[in-house]
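What follows is the residue order along each chain.
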Amino acid sequence: MKSRLILMAGCAAMLCSCGQSNQGTGAAPEYAVIEAQATTANLKNSYPATIRGKQDVEIRPMISGFITKLHVDEGSVVKKGQVLFTIDQVQYLAAVKTAEAAVETAKAALQTQELTTQNNRELNKRGIVSDYQLSTSENQLAQAKASLSQAEASLVNAKRNLEYTEVTSPSDGIVGEIPYRIGSLVSASMATPLTTVADNSEMYAYFSMTERQLLSMVREGGTTKEILAKLPSIQLQLIDGSIYPDSGRVATISGVIDPTTGSVSMRALFPNDHNILRSNSTGNVIFPNPMQNVIMIPQSATTEIQDKRFVYVVQADNTVKNTEIKTFTLDDGKNFFVTAGLKPGDKVVVEGVQALSDGQAITPITPADKEAAYQKALQDQRDGNIQTAFQ
């Protein structure tokens, strides 16, 4: 233990003497430098979104009666035309039979009146029946025809009411909450619907972007249809951070800018073939934002003073110049994308910039050389070559 402490103390003394000797030699310190190059940045814009079904249909009865059967449960996946509820059919079956009987009675009365009128026409030709009697018979025939039409209309209405006793789904979708159960009295005038069927075959994502962001995307203009066609396919980030597997498209853009927020409401459409998305869930709509011929530099190469960013650019005499740059508002978390202040070919210091000052002389090396020297120092340290470990 004592020998180890002596060795560590010796190492520290040697490192201090090495640092002093480097300072004494006046050699410019080494700094990793990269050459700025134009590249393509695949950035993304993200906007909070609320997800809703293509349509949420309230299911309401068309007639009054007691529920006698529930055919589905909450959360059931249903098809268009599928029966959801059955309302007591007894009175409506009786109404159909009554209407059918009324039709038959009207048909018989019409047939009798047609025979009577035909007979009166023949007798009128012979002068046995007066014109008045014939006109009365013709009017009675018209009345019989009207009565039959009225009876047939009542039958159609009775049959329709009987059909309404089976409440069906108007679309494919998922059944929502069911507040009414068997035995409940329902009617067309009740405030709460029987349930709601959410058509989730396709989902709408509602979001907003600022006027400036919208202008950057649709600067060329054109009709609404042309603008929508030019917009790129978009992705949807779910609440757990995962990316929804199917891409979507912008379906509508509001023609009015909200004066209080300066934003534009938009609606995107996403397929939901696997029934992953749910109505009223949340997520983020992601727009691709590729940038061509942009200079990318590590964030570690920059310093920030009063909301301005600076980098150190190596001059021809190996001195550094503190240079202000402009960067794009988006970044990938590791790099900044420079829009002004640098040009391809500029050499930028990428590490240790906090210790630099304007006009300072350095010895530029590549990041690969810097890493190789560091790894060699570590290896020398492991091998016990203390004198060469930190030269």
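Here, the structure is the one placed above.
Values in this document were obtained by computation on a predicted structure and should not be read as measured data.

**A short note on the overall build of the protein chain**
When helices and strands are tallied, the protein chain shows 7 helices and 19 strands. Looking at the protein chain residue by residue over its 391 residues, the buried ones come to 33%. Put simply, of all contacts in the protein chain between residues at least 6 apart along the chain, 75% involve residues at least 24 apart. Only carbon and sulfur atoms are counted for the fraction: they give 51% of the accessible area of the protein chain, which is about 23,700 Å².

**Considerations on the side chain of Thr195**
Within the element layout of this structure, Thr195 appears in strand β9 (residues 195-210). For Thr195, a relative accessible area of 1% gives the class buried. Within the structure, Thr195 has its side chain in polar contact with the backbone oxygen of Gly176 (distance 3.4 Å). Within polar-contact distance, the side chain of Thr195 engages the backbone oxygen of Glu177 at 2.8 Å. If we ignore the near neighbours within four places in the chain, the residues touching Thr195 are Val57, Glu58, Ile59, Phe85, Val175, Gly176, Glu177 and Ile178.

**Thoughts on the pattern of salt bridges**
Considering all chains together, one arrives at 7 salt bridges under this definition. Its salt-bridge partner being Glu122, residue Lys125 comes within 4.0 Å of it at the nearest N-O pair. Pair noted here: Lys125 and Glu122 are both in helix α2 (residues 90-125), with a separation of 3 residues, about one helical turn. What makes Lys125 exposed here is its relative accessible area of 67%.

**Things to note about helix α3 (residues 131-164)**
End to end, α3 covers 50 Å across 34 residues, agreeing with the expected 50 Å (1.5 Å per residue, within 8%). Looking only at α3, the buried set comprises Leu134, Ser137, Leu141, Ala144, Leu148, Ala151, Leu155 and Ala158. Where α3 is buried, its residues meet α2.

**Digging into α2**
With 36 residues, α2 should reach 52 Å at 1.5 Å per residue; the first-to-last C-alpha distance of 53 Å fits that figure. Tyr92, Val96, Ala99, Val103, Ala106, Leu110, Gln113, Thr117, Asn120 and Asn124 are the residues of α2 that are buried. Gly127 lies just past α2 and shows a positive phi near 85°.

**A closer look at the packing of aromatic side chains**
Summed over all chains, the structure comprises 5 aromatic pairs. Look at Tyr244 and Phe270: their rings are 6.4 Å apart centre to centre, the planes differ by 80°, and that puts the pair in the edge-to-face class. With Tyr244 in the loop between β10 (235-238) and β11 (249-258) and Phe270 in strand β12 (residues 263-271), this pair connects stretches of sequence that are 26 residues apart. These aromatic residues form a ring-pair network of at least three members: Tyr47, Phe207 and Phe287. The ring of Tyr206 is capped by Arg52, whose NZ or CZ atom sits 5.3 Å from the centre of that ring. Positioned over the ring face of Tyr204 is Arg267, at 4.0 Å from the centre of the ring.

**Structural notes on unusual backbone geometry**
Leaving glycine out, the prevailing phi sign among residues is negative, and the prevailing peptide bond configuration is trans. The backbone phi angle of Asn280 is positive, close to 75°, even though this residue is not glycine. If you trace the backbone, Asn280 turns up in the loop between β12 and β13 (281-298). Phi is positive for Asp307, which is not a glycine, with a value near 65°. Position of Asp307 relative to the elements: it lies in the loop between β14 (303-305) and β15 (308-314).

**Focus on the pairing of strand β16 (residues 320-327)**
Bridge count between β15 and β16: 6 bridges; the pairing is antiparallel. Across the sheet, the residue bridging to Tyr312 is Asn322, located in β16. Counting the residues between successive antiparallel strands, the hairpin from β15 to β16 contains 5 residues, one of them, Asn318, with a positive phi of roughly 65°.

**A word on the environment of Pro232**
Here Pro232 shows up in the loop between α5 (224-230) and β10. Considering only alpha carbons, one finds Pro232 and Met217, 15 residues apart in sequence, at a separation of 9.5 Å.

**Here we look at the sheet that holds strand β6 (residues 166-168)**
Across a sheet, paired strands are connected by hydrogen bonds in the backbone, their directions being either parallel or antiparallel. With antiparallel pairing, the 4 strands of this open sheet are ordered in space as β6-β5-β3-β8. Edge positions in the sheet fall to β6 and β8 (185-186), since each of these pairs with one other strand and no more. Across 3 bridges, the pairing between strand β3 (residues 65-70) and strand β5 (residues 83-87) is antiparallel. When the bridges of β5 are listed, Leu70 appears paired with Phe85.

**Structural notes on the pairing of β11**
Across 6 bridges, the pairing between β11 and β12 is antiparallel. If you follow Arg249 over to β12, its bridge partner there is Leu269. Turn length for the β11-β12 hairpin, with the two strands adjacent in sequence and antiparallel, is 4 residues, and the turn residue Gly262 shows positive phi of about 70°.

**Notes on the environment of Asp199**
The residue Asp199 is located in strand β9 in this model. Assessed through its relative accessible area of 9%, Asp199 is described here as buried. Counting along the chain gives 26 residues from Asp199 to Gly173, while the straight-line C-alpha distance between them is 4.0 Å. Not counting residues within four places of it along the chain, the set of residues in contact with Asp199 comprises Gly53, Lys54, Gln55, Asp56, Ser171, Asp172 and Gly173.

**A few points about the nonpolar core**
With 24 residues, the main nonpolar core has Phe207, Leu236, Phe270, Val285 and Phe287 as its most contacted residues. Within the residue set of this core, elements represented by two or more residues are β2 (38-59), β9, α5, β10, β12 and β13. Residues Val57, Ile63, Val72 and Ile178 belong to the second largest nonpolar core, which totals 18 residues.

The rules behind these values
- Residues numbered from 1 in each chain as written.
- Predicted model: local features only at pLDDT ≥ 70, side-chain atom pairs only at ≥ 80, totals over all residues.
- Heavy atoms only, no water.
- Helix = DSSP H or I, 4+ residues; strand = E, 2+ residues; numbered from the N terminus.
- Buried < 20%, exposed > 50% of the residue type's maximum accessible area, 1.4 Å probe, protein only.
- Contact = heavy atoms within 4.5 Å.
- Areas by Shrake-Rupley, 256 points an atom, 1.4 Å probe, with all protein chains shown as cover.
- Polar contact = N/O pair within 3.5 Å; in protein donor to acceptor, adjacent residues only side chain to side chain.
- Salt bridge = Lys/Arg side-chain N within 4 Å of Asp/Glu carboxyl O.
- Expected span 1.5 Å × (residues − 1).
- Phe/Tyr/Trp six-rings, centres within 6.5 Å; stacked < 30°, edge-to-face > 60°.
- Lys NZ or Arg CZ within 6 Å of the ring centre and 35° of its normal.
- Pairing = 2+ DSSP bridges.
- Core = buried A, V, L, I, M, F, W, Y, C linked by side-chain atoms within 4.5 Å.

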